[in-house]
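Chain residues, written in single-letter form:
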Amino acid sequence: MEYTQLGRTGLKVGRLVLGTMNFGPQTDEADSHAIMDAALDAGINLFDTANVYGWGENKGRTEEIIGTWFAQAGERRDKVVLATKVYGNMAADGEAWPNHDKLSALNIRRAVDASLKRLRTDRIDLYQFHHIDRSTSFDEIWQAVDVLVQQGKILYAGSSNFPGYKIAQANETAARRGGTIGLVSEQCLYNLAERRAEMEVIPAAQEYGLGVIPWSPLHGGLLGGVLKKEAAQGRRASGRAADALKDTKTREQIQAYEDLLDQHGIEPGEAALAWLLTRPGVTGPIVGPRTAGQLASALRAVKLELSEELLASLDEIFPGPGPSPEAFAW
């Protein structure tokens, strides 16, 4: 595994991040533990989760699965940089009691304690705001974070799904308060097929020293060889990929992508991950394997070098917006 600093911090993390959203809903506890074992053995040290993962009546289940894995061997916890998130409504029926969701100081402090209990640990290394809270000021949010840092319950704060202006607002508020490090990472939707983050989010993250952690690097499977699997195995796309392929232009684009990589003898999913690792500001994409085989494929991407010719060809198929503000100014 290759390692890099997380943004402007001194924290070293691997170039791949283990996403755990499938643990519980799609992958049972035993298989989830096996995947975490394999990830740690491969050198992946940043594990990402969220308090709402498990979904529905099972919200919190994913954190519990990670917690039981930690409890089986004490050294595991010290090797892992543990990241979770706060914002979502934790009520099983979807009806949140007042102050039991979003980013009020009250909910942040309550949610941290609940996550620590499920995760069976005394600290969260990277505590991320899962969404912006339009009703809560950053002064209040940072006040809550400062207390938790002083208590040793969290070490760093990050954001997820923030627009560029909110990243700026959050860190300017932190700077004015003094003594608050501010956001150190942003977890955003970013991949070859979805490059809007390049317009504002990634420039803001770079300007303020945040590490960028892309989620959905294969865009819901669309970039993972979906047409190749359809032809060879009769496996039809589902979810986001299926919806996207209904559009003729998108289907032609994906076909061109898969044909290009076939010419180079590279698996599409591995190329999509390797492309993200070439992007400025990217710490490492989140991979959410459902099986050990999917994890092994993701690990190969770290060593995969894409030629300048291939990178240029990928840009032709999936053109980005271009530099900001020129991309939207003229």
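The structure we're discussing is the one just above.
## Examining the side chain of Asn107
Assignment of secondary structure puts Asn107 in helix 4 (residues 105-119). Here Asn107 is in contact with Val86, Asn99, His100, Asp101 and Lys102, once residues within four sequence places are set aside.

## A closer look at the layout of surface pockets
Put simply, the largest pocket is a space of about 1500 Å³. Around the largest pocket, the lining comprises 50 residues; the ones closest to its centre are Leu218, Gly220, Gly221, Gly288 and Arg290. At the level of secondary structure, the elements contributing two or more residues to the lining of the largest pocket comprise helix 8 (226-233), helix 9 (239-245), helix 11 (268-277), strand 10 (286-287) and helix 12 (292-302). It is helix 12 that provides the largest number of residues to the lining of the largest pocket, a total of six residues.

## Structural notes on the pattern of salt bridges
In total, this model carries 20 salt bridges according to the counting rule given. Close ionic contact of Arg177 with Asp146 constitutes a salt bridge, the shortest N to O distance being 3.1 Å. With Arg177 in helix 6 (residues 164-177) and Asp146 in helix 5 (residues 138-151), this residue pair connects regions lying 31 residues apart in the sequence. Looking at Asp146, the relative accessible area reads 17%, which means it is buried. Here Asp243 ties to Lys246 by a salt bridge, and the two come within 3.6 Å at their closest N and O atoms. The exposure class assigned to Lys246 is exposed, which follows from its relative accessible area of 67%. Among the charged side chains, a network of salt bridges with common partners joins Arg77, Asp78, Asp122, Arg123 and Asp125.

## A word on the packing of helix 8 against helix 10 (residues 248-264)
Put simply, helix 8 and helix 10 touch, their axes get as near as 8 Å, and they point 85° apart. Viewed along their axes, helix 8 and helix 10 adopt a mutual orientation that is roughly perpendicular. Across from Val226, Leu227, Lys228 and Glu230 in helix 8, the residues of helix 10 making contact are Arg251, Ile254, Gln255 and Glu258. Here the residues of the contact of helix 8 with helix 10 sort into three nonpolar, one polar and four charged.

## Let's talk about the nonpolar core
Core analysis: the biggest nonpolar cluster contains 82 residues, and Phe129, Trp142 and Tyr257 have the highest contact counts within it. Element by element, the count of residues in this core is highest for helix 11, at seven residues. Apart from residues no more than four positions distant in its own chain, Trp142 is found in contact with Phe129, Ala157, Ala170, Asn171, Thr173, Ala174, Arg177, Thr180, Gly182 and Leu183. By size, the runner-up hydrophobic cluster in this structure holds 12 residues, among which are Leu126, Tyr156, Ile213 and Ile286.

## Some thoughts on the packing of aromatic side chains
Summed over the entire model, instances satisfying the criterion amount to seven aromatic pairs. Feature note: the residues Phe47, Trp69 and Phe70 constitute an aromatic cluster, connected by ring pairs.

## Quick word on the pairing of strand 9 (residues 211-215)
The buried fraction of strand 9 amounts to four of the five residues, a majority that puts the element mostly inside the structure. Here five bridges tie strand 8 (residues 183-189) to strand 9, and the two strands are oriented parallel to one another. Across the sheet, residue Leu189 finds its bridge partner in strand 9, namely Trp215. Crossover handedness for the path strand 8 to helix 7 (residues 201-207) to strand 9: right-handed.

## Describing the packing of helix 2 (residues 61-72) against helix 4
Their axes nearest at 6 Å, the elements helix 2 and helix 4 cross at an angle of 50°. Between helix 2 and helix 4, the angle is such that the two are oblique. On helix 4, the residues that touch Glu63, Glu64, Ile66, Gly67 and Phe70 of helix 2 are Ser115, Arg118 and Leu119. Of the residues belonging to the contact of helix 2 with helix 4, the class tally is three nonpolar, two polar and three charged.

## Some points on the pairing of strand 8
Where burial is concerned, most of strand 8 is hidden: six out of the seven residues are buried. In this structure, strand 7 (residues 154-160) lies alongside strand 8, joined through three bridges in parallel fashion. Across the sheet, Ala157 pairs through a bridge with Leu183, a residue of strand 8. Tracing the backbone out of strand 7, into helix 6 and back to the parallel element strand 8 gives a crossover that is right-handed.

What counts and how
- Residues numbered from 1 in each chain as written.
- Predicted model: local features only at pLDDT ≥ 70, side-chain atom pairs only at ≥ 80, totals over all residues.
- Heavy atoms only, no water.
- Helix = DSSP H or I, 4+ residues; strand = E, 2+ residues; numbered from the N terminus.
- Contact = heavy atoms within 4.5 Å.
- 1 Å grid on protein atoms, 1.4 Å probe; cavity = no way out; pocket = protein on both sides within 12 Å on 5 of 7 lines; lining within 4 Å.
- Points joined across faces, edges and corners; volume = space filled by probe spheres on them.
- Salt bridge = Lys/Arg side-chain N within 4 Å of Asp/Glu carboxyl O.
- Buried < 20%, exposed > 50% of the residue type's maximum accessible area, 1.4 Å probe, protein only.
- Axes fitted to C-alpha atoms, helices over the stretch in contact; angles between N-to-C directions.
- Parallel < 35°, antiparallel > 145°, perpendicular 65-115°, else oblique.
- Nonpolar A, V, L, I, M, F, W, Y, C, P; charged D, E, K, R; others polar.
- Core = buried A, V, L, I, M, F, W, Y, C linked by side-chain atoms within 4.5 Å.
- Phe/Tyr/Trp six-rings, centres within 6.5 Å; stacked < 30°, edge-to-face > 60°.
- Pairing = 2+ DSSP bridges.
- Right-handed = clockwise from strand over helix to strand, strands pointing away.

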